[in-house]
Amino acid sequence: QFIERQLPPFLYSRLADLAMLVLSLDVARPTLCILQNDVVPINRAVALWCRARSVPCLHIPHAIYQNVNRGPAGTDVHDLITATHLAMAGPFQREWYEERNSLLPTPYSLLIRETGLPQFDQLVKELKRVSRERAQVMLKTNPLRPVVGYFSTWPQHSNVSGISDGWQICYLEFLKAAKRLQVEHGVQFIIKLHPGGGQDN
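Below is a summary of the structure that appears in this document. As the structure is a computational prediction, the values presented were derived from the model and not from experiment.

The next point concerns the packing of aromatic side chains. Pairs of aromatic rings are described using the distance from one ring centre to the other and the angle between the two planes. Tallying each qualifying case throughout the model produces six aromatic pairs. Taken together, a centroid distance of 5.4 Å and an interplanar angle of 50 degrees make the contact between Tyr150 and Tyr171 tilted. With Tyr150 in strand E5 (residues 147–151) and Tyr171 in helix H6 (residues 166–185), this pair connects stretches of sequence that are 21 residues apart. Among the residues examined, Tyr171 registers a relative accessible area of 25% and is labelled partly exposed.

Before going further, it helps to examine the environment of Arg51. Relative to the helices and strands, Arg51 resides in helix H2 (residues 41–52). For Arg51, a relative accessible area of 21% translates into the label partly exposed. On a C-alpha basis, the gap between Arg51 and Thr84 in space is 7.1 Å, while along the polypeptide they are 33 residues apart. Beyond its immediate stretch of four places on either side in the chain, Arg51 contacts Thr82, Ala83, Thr84, Tyr108, Ser109 and Leu110. A distance of 2.8 Å separates a polar side-chain atom of Arg51 from the backbone oxygen of Ala83.

Turning our attention to the sheet that holds strand E3 (residues 85–88). Here four strands make up an open sheet; going across it, the order is E1-E2-E3-E4 and the pairing parallel. Every interior strand has two partners, whereas the edge strands, strand E1 (33–35) and strand E4 (111–114), have only one. The sheet shows a mean angle of 20 degrees between the axes of neighbouring strands, taken without regard to direction. Set on the sheet, H2 makes contact with E1 and strand E2 (57–59); between it and E1 the angle comes to about 145 degrees. Against the sheet, helix H3 (residues 91–102) contacts E2, E3 and E4, and its axis sits at roughly 165 degrees relative to E4.

Below, the discussion takes up the environment of Gln66. Of note, Gln66 is situated in the loop between E2 and E3. Put simply, Gln66 and Trp49 are 17 residues apart on the chain and 28 Å apart in space, counted from C-alpha to C-alpha. In this view, Gln66 contacts Phe92 and Trp96; residues no more than four positions away in its chain are not counted.

Close approach of charged atoms lets side chains of opposite charge pair. Applying the stated criterion across every chain, the model contains six salt bridges. Of the charged contacts, one joins Glu99 and Arg100 as a salt bridge, the two residues approaching to 3.2 Å between their closest N and O atoms. The class for Glu99 is partly exposed, based on a relative accessible area of 41%. Via salt bridges that share partners, Asp79, Glu99 and Arg100 belong to a single interconnected network.

Before going further, it helps to spend a moment on the packing of helix H1 (residues 2–28) against H2. Interhelical geometry of H1 versus H2 gives an angle of 35 degrees and a closest axis separation of 10 Å. The chirality of how H1 crosses H2 is right-handed. The segment H1 lies against H2, with Phe10, Arg14, Asp17, Leu18, Leu21, Val22, Leu25 and Asp26 engaging Pro41, Ile42, Ala45, Val46 and Trp49. Residue classes in the contact of H1 with H2 are distributed as 10 nonpolar, no polar and three charged.

This part is about H6. In this model H6 runs 27 Å from its N-terminal to its C-terminal C-alpha over 20 residues, within 8% of the 28 Å that 1.5 Å per residue would give. Listed in full, the buried residues belonging to H6 are Trp167, Phe174 and Ala178. Considered in projection along H6, the buried side chains sweep an arc of 45 degrees and stay on one side of the axis. Across H6 from its buried face, at more than 90 degrees, point the exposed residues Leu172, Lys179, Arg180, Val183 and Glu184. Of the surrounding elements, those touching the buried residues of H6 are E5 and strand E6 (188–192).

Rules behind the numbers
Residue numbering note: each chain is counted from 1, following its sequence as written. A pLDDT threshold of at least 70 governs which residues receive local features in this predicted model, and a stricter bar of 80 or more applies before side-chain atom pairs are shown or counted, although totals over entire chains, interfaces and linings include all residues. Calculated side-chain values reflect all of the structure's heavy atoms, with hydrogen atoms and water omitted. Classification of ring pairs rests on two measures: the distance between centres of Phe, Tyr or Trp rings, Trp counted by its six-membered ring, which must be within 6.5 Å, and the angle between planes, read as stacked under 30 degrees, edge-to-face over 60 and tilted in between. By definition, any uninterrupted DSSP run of H or I lasting at least four residues is a helix, any uninterrupted run of E lasting at least two residues is a strand, and each is numbered from the N terminus. Three exposure classes are used, based on accessible area relative to the maximum for each residue type with a 1.4 Å probe and protein chains only: buried under 20%, partly exposed in between, and exposed over 50%. In what follows, a contact means two residues having at least one pair of non-hydrogen atoms within 4.5 Å. Polar contacts, as used here, are pairs of N or O atoms within 3.5 Å; protein pairs need one atom able to donate a hydrogen and one able to accept it. Residues neighboring in sequence count only if both atoms are side-chain atoms. Pairing between strands is defined by DSSP: at least two bridges between them are needed. Here an angle of 0 to 180 degrees is reported between the N-to-C directions of two axes, which are lines fitted to C-alpha atoms, with helices fitted over the stretch in contact. Salt bridges are counted wherever a side-chain nitrogen of Lys or Arg sits within 4 Å of a carboxyl oxygen of Asp or Glu. Throughout, a crossing is termed right-handed when the near helix is turned clockwise from the far one, and left-handed when it is turned anticlockwise from it by less than a right angle. Just so you know the grouping, Ala, Val, Leu, Ile, Met, Phe, Trp, Tyr, Cys and Pro go in nonpolar, Asp, Glu, Lys and Arg go in charged, and all remaining residues, Gly too, go in polar. Multiplying 1.5 Å by the residue count of a helix minus one yields the expected span of that helix. Working definition: the arc comes from the directions between the helix axis and the C-beta atoms, pointing outward to the latter.

Next comes the structure, spelled out in structure tokens:
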């Protein structure tokens, strides 16, 4: 349905942006481009521009991709790697990208370096300063009652395997169980949503 009904407006609305972006890059001639993904059309155009002109393009992924709600390697939009350099959180993410790059008809030359997650260094320092007691106050939890954390997910529309309402069904079932556990055992719950999930999430 997307291809039949939504692909033309999806593409046409981006053509002018992509054309202007390429022209702008040709004028600016950057010596390095840094991206937080090389999947969305604008970012992928930057990465492909870099490859065509032998300019390094560093992709620092904004998350660690996992094989949840995805088909096998090679079936998802994230599997097509266009950047020349990748900064990886660790060995799991390195293997994930190396496997996908090897499946391309002509694998790209990739320079991968494991950097850890520098964006979380400050968070670790902050957490060391937060005692259990302070955390309980900040999260408004009762220290005498158990706490359960629920880390939600979101629909993945970049391949057929991810197009489902399973994440919603799981959450509704969790809420039913939470209601019972709260009434019977006084369990407290902390729900973690996806930061980009928006109000509906």
